[in-house]
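# A look at the structure
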Amino acid sequence: MLKQNTFSMSLKWLNTLAVVAISYLSTAAAAQEFEPLFNGKDLSGWVLVNTPPDTWKVEEGMLICSGRPIGEMRTEKMYQNFEMEVEWRHLVPKGNAGIFVWADDITARGVPFHRGIEVQVLENAYGNTRSHTTHGDIFPIHGAKMTPVNGRGGDRAFPTEERSKPSPEWNHYRIVCQDGNIALSVNGKEVTRGTKATPSKGYLCIESEGGVVHYRNMKIKVLPDSPIDDSQIAIADRGYRSIYSGLDLRDWKTNEESHWKANDWVLDHSPTDANMKSSLTYEKSSTVQGFVVDFRLPDASSSVSLHIPGFQLPLLLSADSQPITESFVERGGWNRVEGTLTSDNAQTTLTLNINGKTQTFAGQSAEQPLKIEATGKVSLANIYLR
């Protein structure tokens, strides 16, 4: 009887050990499923979309955003279903920033931000209103869509509880994205949710918007993808790179009578006379496969001319440049021209997409730098080459 009891106790002890071991291994495996989004050393795995290296630095394992210029950087990879964790703190009262999910490869027309779903990162002193709070709002932006939970008649989801801490204290965000649904936990408790988001697969972005922000312990657990159609996938990397820093005219050469001014994410041409003109030349590329330029022509006399690498004829953008002007938005609004060049011997075909409308032009090939000539008041933004 004693031997049987001893044997029985031994089995129970072994079973207990097995349960503990399995539990430990399961916990360890779960912990290993998280991988760093930021390695604490450099910006490996990230793309500077419309911000220069000056905007970001790494110190003591933290990612530090200067807040200038307004813009973003994004991950190299796209994500669909995932859990993301990050700690952040503002160093300036009323500081503004954000984290975007399911975003496109570059910024949307006429703004320094991506189309996607934004998770707000506001400092408490910014203040709460009916239209926003500082405690973890979620909302679609610049063409994205989302149905809010706990909304106020619009498409913004508001937190059910105020849990964020003021500068310079650290806050913890846990963002869970699954099948177009998004949930945010602030400092350990879920408070904000949205559903039926479009897109529901894309890039993750960190936003620079005026305030100095620190980030640390940024990590992600990738969950299995779900079947979705192409309409749910953000625009993938097309190879564009920004050639305007938002801080100054680095890499650009101006003529003697220059009226250009770096105005954060906008590059302004502001002469004292409506008929004055000046030019900018970007000498680092003599041929390109494509380009994107956003432009705004506030006056009837405003015009901008693009001398495109690889295409001999200049592209005139003005109120009189028929049939191109037929694609323009109302005067003073932002337009986007996206061009693709294909060459066949000495001939080049330039396919333009202006605000979603396509036109095609044929011309001679020409090796030349990108040159921008402006007359009167003109604003440019989101200048990309590939």
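Residues numbered from 1 in each chain as written. Predicted model: local features only at pLDDT ≥ 70, side-chain atom pairs only at ≥ 80, totals over all residues. Heavy atoms only, no water.

A few words now on the pattern of salt bridges. All chains considered together, the criterion is met by 21 salt bridges. Salt-bridge contacts for Arg156 lead to Asp137; the nearest nitrogen and oxygen are separated by 2.9 Å. Of this pair, Arg156 sits in the loop between strand S10 (145-149) and strand S11 (171-178) while Asp137 sits in the loop between strand S8 (116-122) and strand S9 (138-141), and the two are 19 residues apart along the sequence. Asp137 shares its class with Arg156; the two are buried. Through salt bridges with shared partners, one network takes in Glu33, Glu83, Glu85, Arg174, Lys219 and Lys221. (Salt bridge = Lys/Arg side-chain N within 4 Å of Asp/Glu carboxyl O. Helix = DSSP H or I, 4+ residues; strand = E, 2+ residues; numbered from the N terminus. Buried < 20%, exposed > 50% of the residue type's maximum accessible area, 1.4 Å probe, protein only.)

Our focus in this paragraph is the sheet that holds strand S20 (residues 277-282). Spatially, five strands are ordered S17-S20-S27-S22-S23 in an open sheet, and the strand pairing comes out antiparallel. Since the sheet does not close on itself, it has two edges, and those belong to strand S17 (252-254) and strand S23 (315-318), each with one partner. Within the sheet, the average angular offset between the axes of one strand and its neighbour, ignoring direction, is 20°. The pairing of strand S22 (residues 303-307) with S23 spans four bridges and is antiparallel. Residue pairing across strands places Ser303 opposite Ser318, the latter belonging to S23. (Pairing = 2+ DSSP bridges. Axes fitted to C-alpha atoms, helices over the stretch in contact; angles between N-to-C directions.)

Across all of its chains, the model carries seven aromatic pairs by this definition. With centroids separated by 5.4 Å and ring planes inclined at 75°, the aromatic side chains of Trp88 and Tyr173 adopt a geometry described as edge-to-face. Within this pair, whereas Trp88 is found in strand S6 (residues 82-90), its partner Tyr173 is found in strand S11, the two being separated by 85 residues in sequence. Both rings, one in Trp252 and one in Tyr282, keep their centres 5.2 Å apart while their planes meet at 50°; by these two values the pair is tilted. Linking Trp252 in strand S17 with Tyr282 in strand S20, this pair joins segments that are 30 residues apart in sequence. No difference in accessibility class separates Trp252 from Tyr282, as the two residues are buried. The ring of Tyr203 has Arg74 sitting right over it, with the charged end atom 4.2 Å from the ring centre. The cationic tip of Arg156 hangs over the ring face of Phe139; the distance from NZ or CZ to the ring centre is 3.9 Å. (Phe/Tyr/Trp six-rings, centres within 6.5 Å; stacked < 30°, edge-to-face > 60°. Lys NZ or Arg CZ within 6 Å of the ring centre and 35° of its normal.)

Okay, the side chain of Thr134 next. You can see Thr134 is positioned in the loop between S8 and S9. Within the structure, Thr134 has its side chain in polar contact with the side chain of His135 (distance 3.4 Å). (Polar contact = N/O pair within 3.5 Å; in protein donor to acceptor, adjacent residues only side chain to side chain.)

Once that is clear, we can look at the layout of surface pockets. In this structure, the largest pocket spans a volume of roughly 270 Å³. Lining the largest pocket are 15 residues; nearest its centre among them are Thr107, Ala108, Arg109, Ile235 and Arg336. Approximately 220 Å³ is the volume attributed to the second largest pocket. Around the second largest pocket, the lining comprises 15 residues; the ones closest to its centre are Pro52, Pro53, Ser242, Ile243 and Ser245. By residue class, the composition of the lining of the second largest pocket is seven nonpolar, four polar and four charged. (1 Å grid on protein atoms, 1.4 Å probe; cavity = no way out; pocket = protein on both sides within 12 Å on 5 of 7 lines; lining within 4 Å. Points joined across faces, edges and corners; volume = space filled by probe spheres on them. Nonpolar A, V, L, I, M, F, W, Y, C, P; charged D, E, K, R; others polar.)

It is worth spelling out empty space enclosed by the protein at this point. A full pass over the atoms with the stated rule returns one cavity of 30 Å³ or more. The calculated volume of the largest cavity comes to roughly 70 Å³. Its residues placed into classes, the lining of the largest cavity shows five nonpolar, five polar and no charged.

What follows concerns the nonpolar core. Ile182 and Met218 are the most contacted members of the largest nonpolar core, which has 37 residues in total. With near-sequence residues (within four places) excluded, Met218 lies in contact with Pro36, Leu37, Phe38, Trp46, Leu63, Met84, Glu85, Val86 and Ile206. In this structure, Val304, Leu350, Ala374 and Leu385 belong to the second largest nonpolar core, which totals 32 residues. (Core = buried A, V, L, I, M, F, W, Y, C linked by side-chain atoms within 4.5 Å. Contact = heavy atoms within 4.5 Å.)

By the alternation rule, side chains of strand S25 (residues 347-354) split into Thr348, Leu350, Leu352 and Ile354, which are all buried, and Gln347, Thr349, Thr351 and Asn353, of which none is buried. Here strand S24 (residues 335-344) runs beside S25; their pairing, made up of eight bridges, is antiparallel. Its bridge partner lying in S25, Thr340 is registered against Thr351. Here S24 folds back onto S25, and the loop between the two strands holds two residues, one of which, Asn345, carries a positive phi near 60°. Counted along the chain from S25 to the antiparallel partner strand S26 (residues 357-364), the turn is two residues long, and its residue Asn355 has a positive phi close to 55°.

Structurally, Thr192 can be placed in strand S13 (residues 189-198). Using a relative accessible area of 0% as the deciding quantity, one classes Thr192 as buried. For Thr192, the side chain forms a polar contact with the main-chain oxygen of Gly136, separated by 2.7 Å. Contacts of Thr192, omitting those with residues within four sequence positions, involve Gly136, Asp137, Ile138, Ala157, Phe158, Pro159, Ile182, Ala183 and Leu184.

Spatially, S2-S5-S14-S7-S8-S9 is the arrangement adopted by the six strands of the open sheet, whose pairing is antiparallel. Each edge of the open sheet is held by one strand with a lone partner, namely strand S2 (46-48) and S9. For this sheet, the mean inter-axis angle between neighbouring strands, taken without regard to orientation, is 25°.

Attention shifts here to the pairing of strand S14 (residues 202-208). Of all seven residues in S14, seven are buried; the element is thus mostly enclosed. Alignment of strand S7 (residues 96-103) against S14, held across three bridges, turns out to be antiparallel. The partner of Ile99 across the bridge, within S14, is Ile206.

With respect to the element layout, Tyr126 can be found in the loop between S8 and S9. Residue classification places Tyr126 among the partly exposed positions, given a relative accessible area of 39%. With near-sequence residues (within four places) excluded, Tyr126 lies in contact with Lys94, Gly95, Asn96, His132 and Thr134.

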